[in-house]
Structures are given as C-alpha cells and as structure tokens.
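The primary structure of each chain is shown beneath.
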Amino acid sequence: MFQAQATTKPYSEFLRENGKTSIINAMEANVRYLKSMLSNLKASRAVSLLELERYKYLYQEELSFRKSLQCYLNESNKNLETSRTKLHMEMQPSRSEVNAQNSRPFTGCSSAGYFDSNPEPRMQQQSQFNYKWRSNRGTDTQPCFY
C-alpha cells in the first residue's frame, strides 16, 4: 500500500508540474502576442503621427493660399470699384447731354401733314383690332387685344 502511494505521489507531482508548465507556456505565448501587438500599435501610432504632420502641413499651406487669394480678391474688388466709379463719372456728362436733348421744347409734329378733314381712314384702321372685354371680379371691365 505504501508502494502504491509512493508511485501515485510522483505521478501526481508530474501532473502538477506538467499543468504548471502548460500554464507557463500559455502565459509566455500570451506575453509574446501582447508584445507583438504593442510593437504593431507603436508602428501604427508612428505612421498616424506622420500622417497627422503631413495633413497639418497641407492645412497650413491651404490657409496661407486662401489668405493670399483673399488679399488678391480684395485688391481686385477695390480695382473694380475704382473702375466702376471712374466709368460712372465718365458716363455722367454723356447722360446729361442726352437728357438735355430729350428735354428740349416741342417745336412741331413730324406727322403734321397726316391729319386731314376726312376721319374715315383712321376709323378703318382702328376697327382692324378685335376688342374683347374681360371682367375682373365681375365689376371692372378693361379691353384686351387678341
């Protein structure tokens, strides 16, 4: 009986040691996996930082480009306003000349010989139009030419 206990005792110790070894191996594999994940994350972070720096640089370039374009646009708007004012000032005298020509007193009719004593031809011209009366809300009537 002692001999059976003696043989079982080393086997149980063997199982215990074997179990510890497998746990230790599993933990070492887990540590190796975590170290590789950590190195991958560090590499990924480094790449992300490089991309961030690149996008930051591009953003700064775009801002400076937009500022220069804004300055150019402001200068162009000033030049346009100056040109418009200059053109407006140049057009003012010619407009006043046109207004002066249009405001001259009426001296005569260009169709003075058209009116004669017979009103019949004029009435025939007016009767060529067809007048139709359209009603607005049933009370007002206004002629419509069709």
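Residue positions are counted from 1 within each chain, in the order its sequence is given. Where totals are concerned, whole chains, interfaces and linings use all residues; where local detail is concerned, this predicted model gives features only for residues with pLDDT of at least 70, and gives and counts side-chain atom pairs only at 80 or more. The basis for the side-chain values is all heavy atoms of the structure; hydrogens and waters are excluded.

So, the overall build of the protein
Heads up, the rule is: Runs of E in the DSSP output that reach at least two residues are strands. Runs of H or I that reach at least four are helices, and both are numbered from the N terminus. Per-residue accessibility, obtained with a 1.4 Å probe over protein chains only, is compared with the maximum for each type, and a residue is labelled buried under 20%, exposed over 50%, and partly exposed between these values. Areas reported here follow the Shrake-Rupley algorithm with a probe of radius 1.4 Å; residue values treat only the protein chains shown as occluding.
Looking only at helices and strands, one finds two helices and two strands in the protein. Tracing the protein from N to C terminus, the helices and strands come up as α-α-β-β. By the burial criterion, 1% of the 146 residues in the protein qualify as buried. Surface summary for the protein: the accessible area is close to 14,300 Å², and the carbon and sulfur share equals 58%.

Examining a nonpolar patch on the surface
Convention followed: Note on patches: the residues involved have over 30% relative accessible area and no salt bridge, like charges join within 9 Å, and the nonpolar side chains Val, Leu, Ile, Met, Phe, Trp and Tyr join within 5 Å. The working definition used for a salt bridge is a side-chain nitrogen of Lys or Arg within 4 Å of a carboxyl oxygen of Asp or Glu.
On the surface, a nonpolar cluster with roughly 300 Å² of combined accessible area is contributed by Tyr33, Leu34 and Met37. By secondary structure assignment, the location of Met37 is in helix α1 (residues 2–102).

Some remarks on the pattern of salt bridges
For the structure shown, the criterion picks out one salt bridge. Across the salt bridge formed by Glu62 and Arg66, the nearest N and O atoms sit 3.0 Å from each other. Of this pair, Glu62 and Arg66 both sit in helix α1, four residues apart, which is roughly one turn of the helix.

Some details on the confidence of the model for the protein
Applicable threshold: What pLDDT reports is the predictor's confidence in each residue, on a scale of 0 through 100. Any two residues whose heavy atoms approach within 4.5 Å are treated as being in contact.
Residues at a pLDDT of 70 or more form 55% of the protein, whose mean pLDDT is 75. pLDDT under 50 marks residues 127–137. Its contacts with residues more than four places away, or in other chains, come to 22 contacts. Low pLDDT, under 50, characterises residues 142–146; the stretch is placed with 17 contacts to residues that sit more than four places away or in other chains.

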